[in-house]
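# Secondary and tertiary structure notes
Residues per chain, in single letters:
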Amino acid sequence: MTTRTKTSNSNSDLLPLLEFSTVVNSSLDLRFILGTVLLTMMGKLLVTRGVVLLRKDGKIFHVENGKGIAKEILHTDITLSRLTKKSFTVKNGEGSFKNILTKNGINRFFPIVSQDAVMGYFGIAENPHRVMTSEQKKFVETLINISAAAIEKGLTFDELKNVNRSLDGKIQQLKTLFELGKGFSGILEREKLLKLFSLTLMGQVGTNRYAICLKDGTSIYSRIDGTTMEVDKKAVCELVTSPMLTGQLPAKKKYAKLREYFSAQKIAAVIPLQLQNEVKGVLCLGERMRGGSYTQSDLEFIYSLANLAYVSLENSRLFDEAIEKQKLENELLIAKEIQQGLLPRELPEIKNFETAAVNISSKQVGGDYYDVITAPSGEFIFVIADVSGKGTPASLLMANVQATVHALVPMNLSLSETTSRINDLIFRNTSSDKFITFFWGSLNPSSNQFHYVNAGHNPPFVLRANGMIERLQDGGLILGIMKTMMPYQEGMIELHSGDSVIMFTDGVSEAMNVDGVDYTDERLEVFVKELNGKSAAAILDTIRVEIQQYSEGAPQSDDITIMVFRAK
């Protein structure tokens, strides 16, 4: 009789199990499957409390579903002290169940096994007044075994949904970055770029507080504290090498003040701004307006967005620099035209003498000066000078010298006295680091006498018709170094037919070849000796070609000026 009853009971369970199998295996909804299994199990066992634990990692399980238990337990993680493929009962207070599940009476657990691995557990609160029979236990285990495949499919389906959701999010982010890329690339005005970036951070990221600090020590924009970030920006760029939450910053002692500042200003995340694999700056983000932490996906998106914006900002800066450079070049061209206008367009014709001169600037404007001025006495004043430095400052001082010379020549003072006046004027009106090497002389074409003063300039060569070389060295200190204490000495030579005077600036003697070696005065003197008998124009042109050939392949290091006059 007993045997028939057991068989009858077993057979009576078959139809519900078949129906249950059909129901759970026809669904991919994990919540529905778990809920159905749990309710069916609880109904069979006549219990009022139950949970479903799904394995996350190792012995960590997530409370996925529950009936009749405290709400705070649902969707939390717990660590089980045992991991077994057999059902088991937990005694009150055992292991990690103390005050968590046993507090709600959950003490009996049935494993969910698939492919010989534990996926989770069904837990119930056993009825202390009703002992579970072997038939009930077998029914529950069969129920769970039937549903294990459905649960695994549901988990896989949920994972696929999460992956698809993540992919959809990434696709949307890519679309956003693509559209923003088009927007950023079409804007070259910095303020407009920053405004677009600000609106994007608010709309796409959900923050309206941020600051961009650059490695060079500047904050190009800040909405963190309303002014600029009072931090060591080089240290920030050294510290932040990847997108991270400020809580993940290295806990090194030297960065303690930075971490304190970030905490005080409620900066939640920091994003490196990179160019050619070098951190050029850091984007500091305030907390999200809608609450919550930035996720890793958020940080990756912001990193792409921030670096896209930074490249556009860098392009904007380079564009502004190019505009400023073009303006400067235009101004320098105008300055060059003015400077060239200060040099004589044509040298005056001098009876019984040939003259030639050339000026080649190393930059658009330079500091060399030469001139030939007709004095009221009928003499001709030859001037050559070299202002220290290059570019616009040197050219301005050169213009001052030219104006001074032209103003003093008509006064018919001696060369010595006039040189002293020029020196004192330059000394009073220029800084101590500005000076001028200066040579000038007065040629009397009737007597063929040439009186001169050399103020620290390269001594000109006198190439005599017999091939001998003399140097014109009489004079005094370089102009502008100090106030005149002693009169400048005046020298004099007489020129005869075939004699030539060759004046030049140090751009000739100090011209460098590709190895950085100067041409030198000594080499120039040897070369000049070979020019005996040539015309003034031929002497000048031959020296110019010699210097250009010597320095071929190397940039011109200084202005080059040569002036020659020769007695016929």
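Before reading further, recall that the structure is shown in the block above.
Here goes a summary of the coordinates provided. Remember, it's a predicted structure, so these values are computed and weren't measured experimentally. (Residues numbered from 1 in each chain as written. Predicted model: local features only at pLDDT ≥ 70, side-chain atom pairs only at ≥ 80, totals over all residues. Heavy atoms only, no water.)

Helix and strand counts for the chain come out as 12 helices and 22 strands. In the chain, which comprises 568 residues, the proportion classed as buried is 45%. Residue pairs at least 24 apart in sequence account for 63% of intrachain contacts in the chain once pairs closer than 6 positions are excluded. With an accessible surface of roughly 29300 Å², the chain has 52% of that area assigned to carbon and sulfur atoms. (Helix = DSSP H or I, 4+ residues; strand = E, 2+ residues; numbered from the N terminus. Buried < 20%, exposed > 50% of the residue type's maximum accessible area, 1.4 Å probe, protein only. Contact = heavy atoms within 4.5 Å. Areas by Shrake-Rupley, 256 points an atom, 1.4 Å probe, with all protein chains shown as cover.)

There is a patch of nonpolar side chains on the surface, built from F427, L477, I481, M482, M485 and M486 and spanning about 640 Å² of accessible area. Inspection of the secondary structure assignment puts I481 in the loop between β19 (475–476) and β20 (491–494). (Patch = residues over 30% accessible without salt bridge, like charges linked within 9 Å, V, L, I, M, F, W, Y side chains within 5 Å. Salt bridge = Lys/Arg side-chain N within 4 Å of Asp/Glu carboxyl O.)

Looking now at the sheet that holds strand β18 (residues 469–471). A sheet is described by the order of its strands in space; here 5 strands give the open sequence β12-β22-β21-β17-β18, paired in antiparallel fashion. The outermost strands of the open sheet, each flanked by one partner alone, are β12 (353–360) and β18. Adjacent strand axes in the sheet meet at a mean angle of 15 degrees, parallel and antiparallel pairs treated alike. Pairing of strand β17 (residues 461–463) with strand β21 (residues 500–504), which is carried by 3 bridges, proceeds in the antiparallel orientation. Within β21, the residue paired with L463 across the bridge is S500. (Pairing = 2+ DSSP bridges. Axes fitted to C-alpha atoms, helices over the stretch in contact; angles between N-to-C directions.)

Before going further, it helps to examine unusual backbone geometry. In the Ramachandran plot, H75 falls in the positive-phi region, its phi being about 60 degrees despite a non-glycine side chain. Residue H75 is classed as exposed on the basis of its relative accessible area of 51%. In this model, N412 sits at a positive phi of 55 degrees, which is unusual for a non-glycine residue. Tracing the sequence through the fold places N412 in the loop between α8 (391–408) and α9 (415–429).

The next thing to look at is the sheet that holds strand β2 (residues 60–67). For sheets, the rule is that strands pair by backbone hydrogen bonds, running either parallel or antiparallel. With respect to topology, 6 strands assemble into an open sheet ordered β3-β2-β1-β6-β5-β4, the strand pairing being antiparallel. Of all strands in the sheet, those bounded by a partner on one side alone are β3 (77–79) and β4 (88–89). Pairing of strand β1 (residues 50–57) with strand β6 (residues 117–124) involves 5 bridges; the strand directions are antiparallel. In the strand pairing of β6, L53 is matched with Y121.

Now for the nonpolar core. Membership of the largest hydrophobic core comes to 45 residues, with the highest contact counts inside it found for F382, V405, F438 and W440. Those elements giving two or more residues to this core turn out to be β13 (368–374), β14 (380–387), α8, α9, β15 (436–444), β16 (449–455), β21 and β22 (560–567). Looking at this core, the element that brings in the most residues is β14, giving 7 residues. Those residues in contact with F438 that lie beyond four places of it in its chain are V383, I384, A385, V401, V405, I422, V453, N454, A455, G456, H457 and L479. The next biggest cluster of nonpolar side chains, apart from the first, holds 27 residues, and it includes V47, F110, M132 and I151. (Core = buried A, V, L, I, M, F, W, Y, C linked by side-chain atoms within 4.5 Å.)

To continue, consider the pairing of strand β5 (residues 108–114). With respect to burial, β5 is a largely interior element, 6 of its 7 residues being buried. In this sheet, β5 lies alongside β4 in antiparallel orientation, the contact comprising 2 bridges. For F88, the partnering residue across the bridge sits in β5 and is F109. Pairing of β5 with β6 involves 7 bridges; the strand directions are antiparallel. Note that in β6 the partner of P111 across the bridge is Y121.

As a further point, take the environment of S147. With respect to the secondary-structure elements, S147 resides in helix α3 (residues 134–185). Apart from the residues lying within four places of it in its own chain, the contact partners of S147 are F20, V24 and V37.

Let us now look at the pattern of salt bridges. A complete count under the given rule lists 12 salt bridges for this structure. Across the pair R464 and D499 runs a salt bridge whose closest N-O atoms are separated by 2.8 Å. Linking R464 in the loop between β17 and β18 with D499 in the loop between β20 and β21, this pair joins segments that are 35 residues apart in sequence. A residue is classified by how much of its surface remains accessible, and D499, at 4% relative accessible area, is buried. Each of R464, E470 and D499 takes part in one network of salt bridges that share partners.

Here we take up the packing of aromatic side chains. Under the definition given, this model contains 13 aromatic pairs. Arranged with centres 6.4 Å apart and planes meeting at 35 degrees, the rings of F439 and F450 form a pair that is tilted. Taken together, the residues F439 in strand β15 and F450 in strand β16 connect sequence positions 11 residues apart. Under the relative-accessibility criterion, F450 is labelled buried at 0%. Taken together, the ring pairs connect F353, F382, F439, F450, Y452 and F565 into an aromatic cluster. The ring of F139 has K44 lying over it, and the distance from NZ or CZ to the ring centre is 4.8 Å. (Phe/Tyr/Trp six-rings, centres within 6.5 Å; stacked < 30°, edge-to-face > 60°. Lys NZ or Arg CZ within 6 Å of the ring centre and 35° of its normal.)

Before going further, it helps to examine the side chain of S416. Here S416 lies in helix α9. Apart from the residues within four sequence positions on either side, S416 is in contact with V453, P487, Y488 and E490.

On to the packing of helix α11 (residues 521–529) against helix α12 (residues 536–550), then. Where α11 contacts α12, the two axes come as close as 11 Å, and the packing angle between them is 135 degrees. By the angle between their directions, the pair α11 and α12 is classed as oblique. Along this stretch, α11 crosses α12, giving a crossing that reads as right-handed. On α12, the residues touching R523, L524, F527 and V528 of α11 are T542, I543, E546 and Y550. Looking at the contact of α11 with α12 residue by residue, the class counts come to 5 nonpolar, 1 polar and 2 charged. (Parallel < 35°, antiparallel > 145°, perpendicular 65-115°, else oblique. Left-handed = near helix turned anticlockwise from the far one by under 90°. Nonpolar A, V, L, I, M, F, W, Y, C, P; charged D, E, K, R; others polar.)

Before going further, it helps to spend a moment on the side chain of D506. Among the secondary structure elements, D506 is positioned in helix α10 (residues 506–509). Ignoring sequence-local partners within four residues, the contact set of D506 consists of D386, N458, A511 and D558.

The subject of this paragraph is the pairing of β2. For β1 and β2, the ladder comprises 7 bridges, and the chain directions are antiparallel. Among the inter-strand pairings, L54 is bridged to a residue of β2, identified as H62. Counted between consecutive antiparallel strands, the loop separating β1 from β2 contains 2 residues, among which G58 sits at a positive phi close to 60 degrees. Bridging between β2 and β3 involves 3 bridges; their strand directions are antiparallel. By the bridge assignment, I60 is partnered in β3 with T79.

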